[in-house]
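Per-entry structural report
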Amino acid sequence: MGLRSILIDGWSWLNYKAPMNTRRPGSGVFPELAATWLPEEDLRRLAAYKLLAAYDSNQAGQLAAATGDDAALERRELGDASKLVEVALGYLLGSEQHVVVVGAEHADDENPPEGAVEAAAAQGRLRQWAEDELLPLRMQQTERTAVLSGDGVYVLAWDAAKARPTVRSYDPGFYFPEWPDEPDTEFPNRVHLAWEIPENPARGVKAKVRRITWEIGGIEPAGEEDGSALRAALGDELDAGRPARRYPWEPERLSEVTCYLTDAEWQLDDLRRGETVYNLPIGKARYRTRPDGVVLDRLDLRIDFIPVIHLSNTIPHSGDQWGQSILAKVLQGLDELAATDSDGSSASAVTGTPIIGLAGAQLPRDRATGQPIPVEVRAGAVWQLGESGRMDALDTSPQLAELRARSDHLMDRIASASRITAAGLGTLDPSSVPSGYTLQLALGPLDSLVSSMRLARAHKYRLLMKMTQRLFQAGQADGWPAGETLSARIVWGPHTPTDRAGVLDEVVKGYTNGVLSLETAVRMLMDAGYPVEDASEEVGRIQARAFEAAARLADATGDNTAVRHFLGLGEVSVEIPRVPRPGDSGR
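Here is a short report on the structure shown in this document. Remember, it's a predicted structure, so these values are computed and weren't measured experimentally.

Cut-offs used in this document
- Residues numbered from 1 in each chain as written.
- Predicted model: local features only at pLDDT ≥ 70, side-chain atom pairs only at ≥ 80, totals over all residues.
- Heavy atoms only, no water.
- Phe/Tyr/Trp six-rings, centres within 6.5 Å; stacked < 30°, edge-to-face > 60°.
- Helix = DSSP H or I, 4+ residues; strand = E, 2+ residues; numbered from the N terminus.
- Buried < 20%, exposed > 50% of the residue type's maximum accessible area, 1.4 Å probe, protein only.
- Lys NZ or Arg CZ within 6 Å of the ring centre and 35° of its normal.
- 1 Å grid on protein atoms, 1.4 Å probe; cavity = no way out; pocket = protein on both sides within 12 Å on 5 of 7 lines; lining within 4 Å.
- Points joined across faces, edges and corners; volume = space filled by probe spheres on them.
- Nonpolar A, V, L, I, M, F, W, Y, C, P; charged D, E, K, R; others polar.
- Salt bridge = Lys/Arg side-chain N within 4 Å of Asp/Glu carboxyl O.
- Pairing = 2+ DSSP bridges.
- Axes fitted to C-alpha atoms, helices over the stretch in contact; angles between N-to-C directions.
- Parallel < 35°, antiparallel > 145°, perpendicular 65-115°, else oblique.
- Contact = heavy atoms within 4.5 Å.
- Left-handed = near helix turned anticlockwise from the far one by under 90°.

Re the packing of aromatic side chains
Within the structure shown, the criterion is met by 11 aromatic pairs. Arranged with centres 5.9 Å apart and planes meeting at 65°, the rings of Tyr 154 and Tyr 461 form a pair that is edge-to-face. In this pair, Tyr 154 is assigned in strand E2 (residues 151-159) and Tyr 461 in helix H11 (residues 444-474), connecting sequence segments 307 residues apart. For the pair Tyr 154 and Tyr 461, one class covers both residues: buried. Ring centres 6.2 Å apart and planes at 75° place the aromatic pair Trp 158 and Phe 472 in the edge-to-face group. In this pair, Trp 158 sits in strand E2 while Phe 472 sits in helix H11, placing the two residues 314 residues apart along the sequence. In this structure Trp 158 comes out as partly exposed when scored by relative accessible area, which is 31%. Of the residues examined, Phe 472 reaches a relative accessible area of 6% and is grouped as buried. Three or more aromatic residues link up through ring pairs in this structure, and these residues are Trp 37, Phe 176 and Tyr 278. Stacked on the ring of Phe 176, the Lys or Arg Arg 45 has its end atom at 5.5 Å from the ring centre.

Here it is in structure tokens:
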């Protein structure tokens, strides 16, 4: 017997599933994956997304039945997979998310550093944009998909009617990037979003494939007749005889590249074998048109980047780009948990209505056939037994207790293997936690998991903020001048409950004793979950109230010591004018 080949890749944890081991993975149970326009190299990824979606919607039993396991239709699925996804998503996002521009917190200082005021203004505009674009909602949509499937996709676009960039979430199954041949390339030079539009006989619509493509390429030269006038109108120049332009975010540098957008559809009947999403025939394309009448055929977006951001749920392996689902390592555990729950349900039915054996009983008979009538176990039933009659009941309660204990054991294994932990899932017995330090140790794997997931996303959200600013600049929006793009990021809230009273006591002692600055103290309160919107504004309000209190004290006592100490002037004399009051003699 020869050795069987073993495939190890980013989705090999699903190799035990039959749909992943067919000639075209997933095509047997997911008909849409049999489409010839889907590339062979992407089928395992797309099949994995479908399988994970089945677990999320409690359809893993139906999936198993479709592959030949008829008994799987009776499998009980109680939402454990979906619970893992929702819990991991909640810990990842934390209690809140804020847009923060580096340096904005020093804008209200007495001598703010260079660029701090501009950073604070940009931060305010980005936060307003996030509110207008419902960014927290878009993050929920994309991040849930990323936690479940391992990948998520954001798409940015400039909306002239709204005068701001828009951000949308797309299914990662629509995402097909093309990478250049050069090694160590950070971004693809062409990205496709493609999906199939089913036929609609009632409307006379045939099945189609729609593909949206963003591509980085050289700036195309204008026609000879009106080339100079067109370049002047667009602000383009010539660099060594080649068209070039200065982008608002790099006004000192001439760039020879731009991003082109193409949005087209193809009839499925027009496609031949070998024509995939990467090489659909241009001659058979039907280009879509914008509401303003512009045909979307290599439309110059006048930006030098592709406004599509791919999120990975985990830090990809070296040389890879795809993330891994939170369910990846525990999928077989979820299968066993569902099977155990099904067995437990059957056992509980037998325990509640036990199997009874009768000996020496006079059972009623059917008058027509003379056969005994089947006896049912029900309340109030009376059976007449002979002198040597006996009734024995099959007791299955020990087996039921064992099944319940096995379910708890499997849930603990799943919590441990997924690193969400029993404490994170809320299944930990409070009486088994003797102290807060013990609970902190129990949550250690969860802290590590959340840190890793946030690290995998940190660069992508900085990229999202950078692209948003540059789209504002490219659209010449009010308040967005030309110049270098500021560094902005998403700051996540705490993912576990914080001892707010303990933090407040620590902050008060540290600030009072001069160990902590006021800015650091306010930042610690924000991290603990106190409702502080902006650290610099809160510091300003605290200082203003302290100065007013010191002035009132000096006015009432005639002693300027409190004001001198507040201003840091030591023994320097500072005269605070006294407010006249009724009854004063004019002094």
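Don't stop here, the text continues.
Re the layout of surface pockets
If you add up the space inside the largest pocket, you get close to 1,300 Å³. Contributions of two or more residues to the lining of the largest pocket are made by E2, strand E3 (164-170), strand E6 (208-218), strand E9 (257-267), strand E11 (299-300) and H11. For the lining of the largest pocket, the element with the highest residue contribution is E2, accounting for 5 residues. Partitioned by chemical class, the residues of the lining of the largest pocket number 20 nonpolar, 6 polar and 12 charged. Counted as a void, the second largest pocket has a volume near 1,000 Å³. Residue lining of the second largest pocket: 33 residues in total, with Trp 179, Thr 185, Glu 186, Phe 187 and Pro 188 positioned closest to the centre. Sorting the residues of the lining of the second largest pocket by element identifies strand E12 (308-312) and H11 as the ones contributing at least two each.

Structural notes on the pattern of salt bridges
Within this structure, the stated rule accounts for 26 salt bridges. One salt bridge connects Arg 457 with Glu 143, and the closest N-O pair in it is separated by 2.6 Å. Of the two residues, Arg 457 is situated in helix H11 and Glu 143 in helix H5 (residues 135-149); the sequence distance between them amounts to 314 residues. Residue classification places Arg 457 among the buried residues on the basis of a relative accessible area of 0%. Notably, a salt bridge pairs Asp 300 with Arg 245, separated by 2.9 Å at the nearest N-O pair. Of this pair, Asp 300 sits in strand E11 while Arg 245 sits in strand E8 (residues 242-245), and the two are 55 residues apart along the sequence. Ionic contacts of the salt-bridge type, sharing partners, join the residues Lys 208, Arg 210, Asp 263, Glu 265, Arg 286 and Arg 288 into one network.

Focus: the sheet that holds E2
Pairing is antiparallel in the open sheet, where 3 strands are placed in the order E3-E2-E12. The two strands at the open ends of the sheet, each matched to only one other strand, are E3 and E12. Neighbour-to-neighbour, the strand axes of this sheet turn through a mean angle of 25°, independent of strand direction.

Observations concerning the packing of helix H1 (residues 43-56) against H5
Relative to each other, H1 and H5 sit at 105°, their axes nearing to 9 Å. Relative to H5, H1 is oriented roughly perpendicular. Only Arg 144, Leu 148 and Ser 149 of H5 make contact with H1, whose side of the interface consists of Tyr 49, Leu 52, Ala 53 and Asp 56. Split by residue class, the contact of H1 with H5 holds 4 nonpolar, 1 polar and 2 charged.

Considering unusual backbone geometry
Even without glycine at this site, Arg 298 takes up a positive phi of about 55°. Mapping Arg 298 onto the fold places it in the loop between strand E10 (286-287) and E11. Assessed through its relative accessible area of 32%, Arg 298 is described here as partly exposed. At Thr 421, a residue that is not glycine, the phi angle is positive and equals roughly 70°. Relative to the helices and strands, Thr 421 resides in helix H9 (residues 421-425). Overall, the relative accessible area of 8% leaves Thr 421 in the buried class.

Digging into the packing of helix H3 (residues 80-93) against H5
Taken N-terminus to C-terminus, the directions of H3 and H5 make an angle of 125°; their axes are 9 Å apart at the nearest point. When the interaxial angle is binned, H3 and H5 end up oblique. Crossing of H3 against H5: the hand is right-handed. Taking contact as the criterion, the partners of Ser 82, Val 85, Glu 86, Ala 88, Leu 89, Leu 92 and Leu 93 in H3 are, on H5, Met 139, Gln 140, Glu 143, Arg 144, Val 147 and Leu 148. Tallied by class, the residues present in the contact of H3 with H5 amount to 8 nonpolar, 2 polar and 3 charged.

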